[in-house]
Amino acid sequence: MLGRLARWLRILGFDTWYFREIDDRELLKLHADSGRVLLTRDTQLVQCRGVGGHVLVRSDGWEDQLRQVVVALSLDVCPERMLTRCLLCNLPLENLASEEAYGRIPDYVAGSMFAFRGCRSCDKVYWAGTHRKRMEEVVSMLRFDRKGVQEPPTG
Ligand SMILES: [Zn+2]
């Protein structure tokens, strides 16, 4: 239910565990053992059992979900943290030299991009590609929400 929210939290660089399917008991045990904040849409799960450290996500739409979580947890959204974590594995990415990235990326990317990051676990390579603009829009949206005032134009 929260797959897109989890993906966006990772895009923004936040350490996010996500389980598409998990038994309630197992989830609550992980929650208790890890000390992590539980994000869920399951009202019964958190109300009946008095689960601490959680955010009950209200909206169906991922943008509103992301807004709610960022505000509720006072997450520091900044462009510098963006794409520092593997979207599949949730592990921190490492900077790659171009030579290390070549052969693992499409040719058109190899010719036009120079900064790459890679995941040690799944070998996926990331670069500032076509989704960058969308990511920057989302970061702006979230920062705008937090401050309540628009930053003055620079220059
Ligand atoms: Zn990975």
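How each quantity is defined
- Residues numbered from 1 in each chain as written.
- Predicted model: local features only at pLDDT ≥ 70, side-chain atom pairs only at ≥ 80, totals over all residues.
- Axes fitted to C-alpha atoms, helices over the stretch in contact; angles between N-to-C directions.
- Helix = DSSP H or I, 4+ residues; strand = E, 2+ residues; numbered from the N terminus.
- Parallel < 35°, antiparallel > 145°, perpendicular 65-115°, else oblique.
- Left-handed = near helix turned anticlockwise from the far one by under 90°.
- Contact = placed C-beta atoms within 7 Å.
- Domains from an automatic or database assignment.
- Pairing = 2+ DSSP bridges.
- Buried ≥ 20, exposed ≤ 12 C-beta atoms within 10 Å, placed from the backbone.
- Core = buried A, V, L, I, M, F, W, Y, C linked by C-beta atoms within 7 Å.
- Arc of directions from axis to C-beta.

For the pair helix 1 (residues 3-11) and helix 4 (residues 62-72), the least separation of the axes is 9 Å and the interaxial angle reads 55°. Between helix 1 and helix 4, the angle falls in the class oblique. Crossing of helix 1 against helix 4: the hand is right-handed. Contacts from Arg4, Leu5 and Trp8 of helix 1 reach helix 4 at Trp62, Gln65, Leu66 and Val69.

This brings us to the domain arrangement of the protein chain. Looking at the protein chain, the domain boundaries give domain 1 (1-79 + 130-148) and domain 2 (84-127). A separation of 25 Å is found between the C-alpha centroids of domain 1 and domain 2. Between domain 1 and domain 2, the residue contacts involve 7 residues of the former and 4 residues of the latter.

Let us look at the sheet that holds strand 4 (residues 116-118). Strand order in this open sheet of 3 strands is 3-4-5, and the pairing throughout is antiparallel. A strand with exactly one partner marks an edge of an open sheet, and here the two such strands are strand 3 (94-96) and strand 5 (125-127). Sheet twist, expressed as the mean angle between neighbouring strand axes with direction ignored, is 40°. Direction of pairing for strand 4 relative to strand 5: antiparallel, over a ladder of 3 bridges. Considered in strand 5, the bridge of Arg117 is made with Tyr126.

Right, let's talk about the environment of Glu21 for a bit. Mapped onto the secondary structure, Glu21 falls in the loop between helix 1 and helix 2 (24-34). In sequence terms Glu21 and Met1 are 20 residues apart; their C-alpha atoms lie 9.6 Å from each other.

Among the secondary structure elements, Ser98 is positioned in helix 5 (residues 98-101). Spatially, the C-alpha atoms of Ser98 and Val57 are 40 Å apart, while their sequence positions differ by 41 residues.

Considered for burial, the residues of helix 1 that qualify are Leu5, Ala6, Trp8, Leu9, Arg10 and Ile11. Just downstream of helix 1, Gly13 is the residue with a positive phi angle, here 95°.

Another aspect to go through is the nonpolar core. Counting 20 residues, the largest nonpolar core has Leu5, Trp8, Leu9, Leu39, Leu66 and Val69 as its most contacted members. Those elements that provide at least two residues to this core are helix 1, strand 1 (38-40) and helix 4. Both of domain 1 (1-79 + 130-148) and domain 2 (84-127) provide at least three residues apiece to this core.

This part covers the environment of Ala97. Examined against the element boundaries, Ala97 turns out to sit in the loop between strand 3 and helix 5. With 10 C-beta atoms counted inside 10 Å, the residue Ala97 sits in the exposed group. Along the backbone, Ala97 and His54 are 43 residues apart, and their C-alpha atoms lie at a distance of 40 Å.

Once that is clear, we can look at helix 4. Within the span of helix 4, buried status applies to Gln65, Leu66, Val69 and Val70. Down the axis of helix 4, the smallest arc covering the buried residues is 125°, so these residues share one side. Trailing helix 4 by a residue or two, Ser74 shows a phi angle of about 50°, which is positive.

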